[in-house]
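These are the residues of each chain, in order.
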Amino acid sequence: MSPRHPAEPWRIKMVEPLPTTSRPHRRQALEKAGYNISLLRSEDVYIDLYTDSGTNAMSDHQWAAMMIGDESYAGARSFYRLEAAVHEYYGYEHVIPTHQGRGAENILSRMLIRPGHHIPGNMYFTTTRAHQELNGGTFHDVIIDEAHDPACEHPFKGDVDLAKLERLIHDLGPDRIPYVCVAATVNMAGGQPISLANLAEVHELARRHGILVILDAARAVENAWFIKQREPGWGEHSVAAILREICARTDGAAMSAKKDSLANIGGWLAVRDPDLAESARELVVLYEGLHTYGGMTGRDMEAIAVGIAESVREENVSARIDQVAYLGRRLAEAGLPLVRPVGGHAVCIDAGAALPQVPRDQFPAQTLAAALYLDSGVRAAERGVVSAGRDPATGHNRHPQLELIRLTVPRRVYTQSHMDLVADSAVRVHEQHAHLHSGLVFLHEPETLRFFQARFAPATSDSPI
Ligand SMILES: *Cc1c(COP(=O)(O)O)cnc(C)c1O
């Protein structure tokens, strides 16, 4: 049998012991956490697939670079290393460092958005939209309809619907649209890519109306890999070259280095326009730190500079995405309902379809995540009714189209055996709970961002959860 999972392109030099937990221990931890996986302590979790953000394993080269971090307040050598890496691999002229992605979003939104402005984007992201709204802007989702259909196999579900974008520009007027926010890949859709052809059309349409295109570059390297695999004409180009082509079709970018760049913290904002860069440098001093560290230590900037170069290496990005694909394939073969096609950083299980008899207001995704944790100590993230919150107008729970649990894979952290354990557990839980009739009810419901702090209890006393 040929290996269905390429061997990891690294070997292990330092190990971090994992806590093994018994079922009674997990039962107790889950009750203590109010059945909310967000409230579990990491020491009670065996395999943590809550997020791929800042959970990367760094290489020996990154750790070595940290030792030569320059901690000077002004003009640190480490900043110039980071700037050179962004120039070389992303191609933007001006680089402003920030403590993480949302720091860049804050500066960008303050700079460009005024009350009454509108920002189109290929699906919202939590912190991105929050900063747009804080500055008086309104977000508009202009992603193609296929992105909202979990079964649709469209290869570029991150594409912008140009007709939707054009209509918005026509209806609102270009003066009220400071920029189009394009994510590559689209996190909230489970890591779905945008094609270069579509991005070029978005850029051309925006340029004609004097509107900027700003890239959410958190996973642009992973997006480049998908273009290489799927987009006609790009199969022979390197991931590094395609990344440059993506950025060439945009006017700037906000970056969370906690994703593609294989670091644990950090970010940057980049723009081409020198006047915008000047405004950004003025703002970064107020909110983050001087424009040559932006809230990062010198050693953080060194680790990111090295991480950027490692991230575009074909063997690294391909092993990362193949590992996610492997987990997806194992679940699909066992008949679990998944969001298709599997994205770059996560496998999303359609919990609504997996637990069809659990009422939507008893939170099928949160219930499935709790059951998975109880079975094996694997932590997923909920993306369903709990995360969506209540409609302020009616007071009822919002029912988003998708009721998902997301298994998000950290980069270079877990092995194939771990993925097998996750798959075996998810399949077992799916089989055992397919006929479950009840889920969870609130014991405590916070008013804002309730998924972080909410507490639950089983809806019925005979529930196996
Ligand atoms: C994580 C993320 C951000 C925010 O970055 P932080 O580093 O968490 O502040 C913005 N956009 C996308 C798509 C992300 O995944």
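Numbers given for residues are sequential positions, taken from 1 along each chain in its written order. Whole-chain, interface and lining totals are the exception, using all residues; otherwise, since this is a predicted model, local features are given only for residues with pLDDT of at least 70 and side-chain atom pairs are given and counted only at 80 or more. Heavy atoms from the whole structure form the basis of all side-chain values; hydrogens and water molecules are not counted.

As annotated in an unreviewed UniProt entry, the protein chain carries the name Tyrosine phenol-lyase and comes from Halostreptopolyspora alba. UniProt positions are given in the numbering used here, feature names are shortened, and annotations may be inferred rather than shown by experiment. Word for word, the UniProt comment on the protein chain under Cofactor (unreviewed entry) is "pyridoxal 5'-phosphate". As stated in UniProt under Sequence similarities (unreviewed entry), the record for the protein chain gives "Belongs to the beta-eliminating lyase family."

A.B. asks: Hey, could you go over the packing of aromatic side chains for me, with residue numbers and the actual values?
C.D. replies: Here the aromatic set is Phe, Tyr and Trp, taking the six-membered ring for Trp, and pairing holds for ring centres within 6.5 Å; pairs whose planes are under 30 degrees apart are stacked, those over 60 apart are edge-to-face, and all others are tilted. Summed over the entire model, instances satisfying the criterion amount to eight aromatic pairs. Residues Tyr90 and Trp268 carry aromatic rings whose centres are separated by 5.0 Å and whose planes lie at 75° to one another, so their mutual orientation is edge-to-face. Residue Tyr90 is found in helix H3 (residues 77-90), and its partner Trp268 is found in strand S8 (residues 267-271); the two are separated by 178 residues along the sequence. In this structure Tyr90 comes out as buried when scored by relative accessible area, which is 1%. Any residue under 20% of the maximum accessible area for its type is buried, any over 50% is exposed, and the rest in between are partly exposed; the area is computed with a 1.4 Å probe on protein chains only. Overall, Trp268 belongs to the buried group, its relative accessible area being 0%. For helices the rule is a DSSP run of H or I covering at least 4 residues; for strands it is a run of E covering at least 2, with both sets numbered from the N terminus onward.

A.B. asks: Describe the layout of surface pockets, with residues and values.
C.D. replies: Any residue with an atom within 4 Å of a point lines the site, the site being either a cavity, points on a 1 Å grid over the protein atoms alone where a 1.4 Å probe fits but cannot get out, or a pocket, an open set with protein on both sides within 12 Å along at least 5 of 7 lines. Grid points are joined across faces, edges and corners, and a volume is the space filled by probe spheres set on the points. If you add up the space inside the second largest pocket, you get close to 1,400 Å³. Lining the second largest pocket are 37 residues, with Met14, Ala57, Met58, Arg412 and Val413 positioned closest to its centre. Per element, the largest residue contribution to the lining of the second largest pocket is three residues, and it comes from helix H2 (residues 60-67). Classes in brief: Ala, Val, Leu, Ile, Met, Phe, Trp, Tyr, Cys and Pro nonpolar; Asp, Glu, Lys and Arg charged; the others, Gly included, polar. The residue makeup of the lining of the second largest pocket, split by class, is 17 nonpolar, 10 polar and 10 charged. Residues from two domains meet in the lining of the second largest pocket; each of domain 1 (23-52 + 314-458) and domain 2 (60-311) gives at least three. Boundaries of every domain are those given by an automatic assignment or by a domain database.

A.B. asks: Mind laying out the nonpolar core, listing which residues take part and the relevant values?
C.D. replies: Side-chain atoms within 4.5 Å link the members of a nonpolar core, which is a set of buried Ala, Val, Leu, Ile, Met, Phe, Trp, Tyr and Cys residues. With 57 residues, the main nonpolar core has Tyr90, Leu215, Leu243, Trp268 and Ile308 as its most contacted residues. Counting 51 residues, the second-largest nonpolar core is a separate cluster that includes Val45, Ala365, Leu368 and Val386.

A.B. asks: A description of the UniProt feature "modified residue: N6-(pyridoxal phosphate)lysine" (unreviewed entry) in the protein chain should follow, citing residues and the corresponding values.
C.D. replies: The UniProt entry lists Lys259 under the feature "modified residue: N6-(pyridoxal phosphate)lysine" (unreviewed entry), expressed in the numbering used here. Mapped onto the elements of the fold, Lys259 is located in the loop between strand S7 (252-256) and S8. Looking at Lys259, the relative accessible area reads 9%, which means it is buried. Whether two residues are in contact is decided by their heavy atoms: any pair within 4.5 Å suffices. Excluding anything up to four places from it in sequence, Lys259 contacts Asp52, Ser53, Asn56, Ala218, Arg219 and Arg411.

A.B. asks: Describe the site of the ligand, naming the residues involved and giving the relevant values.
C.D. replies: The criterion for a residue being near a molecule or strand is simple. One of its heavy atoms has to lie within 4 Å of it. For the ligand, the full set of nearby residues is Gln100, Gly101, Arg102, Glu105, Phe125, Thr127, Asn187, Asp216, Arg219, Ser256, Lys258 and Lys259. Measuring from an oxygen atom of the ligand, one finds a side-chain N or O atom of Arg102 at 2.7 Å. Take the shell around the ligand: its biggest share by element is three residues, from helix H4 (residues 101-112). A per-class count over the shell around the ligand returns one nonpolar, five polar and six charged. Here a polar contact means two N or O atoms within 3.5 Å. Within protein one must be a hydrogen donor candidate and the other an acceptor candidate, and residues neighboring in sequence count only if both atoms are side-chain atoms.

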